[in-house]
Amino acid sequence: MRQTVRLLGPATPDDLAIRQAAWVARCVGRGQSVPLRPDDLGALAASLTTRAYPPGGLLFRGGTQAEAVWIIRQGRVELSVGTGRARAVIGVLRRGDVDGDIQQLLDMPMPYTARTLEDATVLTLGSTEFDTLLNDSQPIARRWLSSIALRLAASQQRVIGLLGRSLTSQVARLLLEEAVDGMVPLPQRTLAAMLGAQRPSLNKILKDLERQGLIEVRYGAVDIINPTKLLHITE
């Protein structure tokens with residue numbers, strides 16, 4: 001992981017920590033890469049624990065050992081690293097997203113802290129239950145491992161796609177990849193760290209894209225106005 005993110009350019013220790021955590025966060029199971037199908041959740045009802053969290057509720061803290069696999073049933077969960085002024089948001093989990101499985105399999109600590117942005121319902125699959133599931137259910141185990149392989153392959157393709165491209169092309173690609181419902185819920189500091197770029201350089205490119213009517217920059221987020229034209233920049 002460290003070697004992969006360093007390929008994207010020089011960074012300060014703080015930026016490197018953000019970039020590493022952000023890269024892991026982009027390997028969360030979502031969309032087509034989600035390992036569980038709706039009928040799987042029904043079959044796992046006895047193993048899954050349902051937890052309700054108020055806004056600001058803590059799911060897990062960065063640096064702690066992974067104790068469960070987390071499945072977002074309802075609401076949004078913010079992923080962040082650092083504290084105080086050094087705190088940076090590196091992702092947002094939404095309904096259906098699955099996190100913690102890679103950390104469980106690799107026996108590695110969680111690289112970021114997760115807190116709810118609103119009332120949320122989360123399904124958890126404990127470490128023991130997760131191991132039992134993969135050992136006892138071959139179909140689910142195959143889908144789960146395929147899901148992880150797809151996510152890691154996508155991560156590799158992102159590295160390859162960034163190499164040798166202009167910073168403008170890299171920014172456009174990152175915005176399109178991180179957009180959810182036409183919006184990138186990440187501050188410029190995090191975007192700059194993920195690209196290995198200086199924030200002033202990123203800000204200049206974002207302003208240029210905004211003048212072209214492709215995006216709209218606001219506090220802590222970027223709205224995608226014209227994804228088709230933005231995609232042309234990446235080609």
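Sequence order as written defines residue numbering, which begins from 1 separately in each chain. At least 70 in pLDDT is required for a residue's local features to be given in this predicted model, at least 80 for side-chain atom pairs to be given and counted, and no such filter applies to totals for whole chains, interfaces and linings, which use all residues. To get the side-chain values, take all heavy atoms of the structure and skip hydrogens and water.

Draft legend 1. Examining the sheet that holds strand S10 (residues 215-218) more closely. We call two strands paired when DSSP finds no fewer than two bridges between them. Labels follow the DSSP assignment, with helices taken as runs of H or I lasting at least four residues and strands as runs of E lasting at least two, numbered in each case from the N terminus. Pairing within the open sheet is antiparallel, and its 3 strands lie in the order S9-S11-S10. Single-partner strands in this sheet number two, and they are strand S9 (183-184) and S10.

Draft legend 2. Representation of the environment of Gly29. For Gly29, the location among the structural elements is in the loop between helix H2 (13-25) and helix H3 (38-43). For every residue, the accessible area obtained with a 1.4 Å probe (protein chains only) is divided by the maximum for its type, and the residue is called buried under 20%, exposed over 50%, and partly exposed between those limits. The class for Gly29 is buried, based on a relative accessible area of 0%. A C-alpha to C-alpha distance of 29 Å links Gly29 and Gly84, two positions 55 residues apart in sequence.

Draft legend 3. Summary view of the pairing of strand S11 (residues 221-224). A two-sided burial pattern is seen for S11, the buried positions comprising Ala221 and Asp223 on one face and Val222 and Ile224 on the other. Of the pairings in the sheet, the one linking S9 to S11 comprises 2 bridges and is antiparallel in character. In the strand pairing of S11, Val184 is matched with Val222. Taken together, the 4 bridges between S10 and S11 define a ladder with antiparallel strand orientation. Note that in S11 the partner of Arg218 across the bridge is Ala221. Hairpin connection of S10 to S11: 2 residues between the antiparallel strands, including Gly220 at a positive phi of 75°.

Draft legend 4. Geometry of the sheet that holds strand S7 (residues 113-116). With respect to topology, 4 strands assemble into an open sheet ordered S2-S7-S4-S5, the strand pairing being antiparallel. A strand with exactly one partner marks an edge of an open sheet, and here the two such strands are strand S2 (58-60) and strand S5 (88-93). Strand after strand, the sheet turns through a mean of 30° between neighbouring axes, direction not considered. Of the strand pairs in this sheet, S2 and S7 are connected by 2 bridges, and their pairing is antiparallel. Directly across from Leu58, in S7, lies its bridge partner Arg115. A fitted line through C-alpha atoms serves as each axis, taken over the contacting stretch for helices, and the angle formed by two N-to-C directions is quoted from 0 to 180°.

Geometric descriptors of this kind do not, in isolation, establish any biological role.
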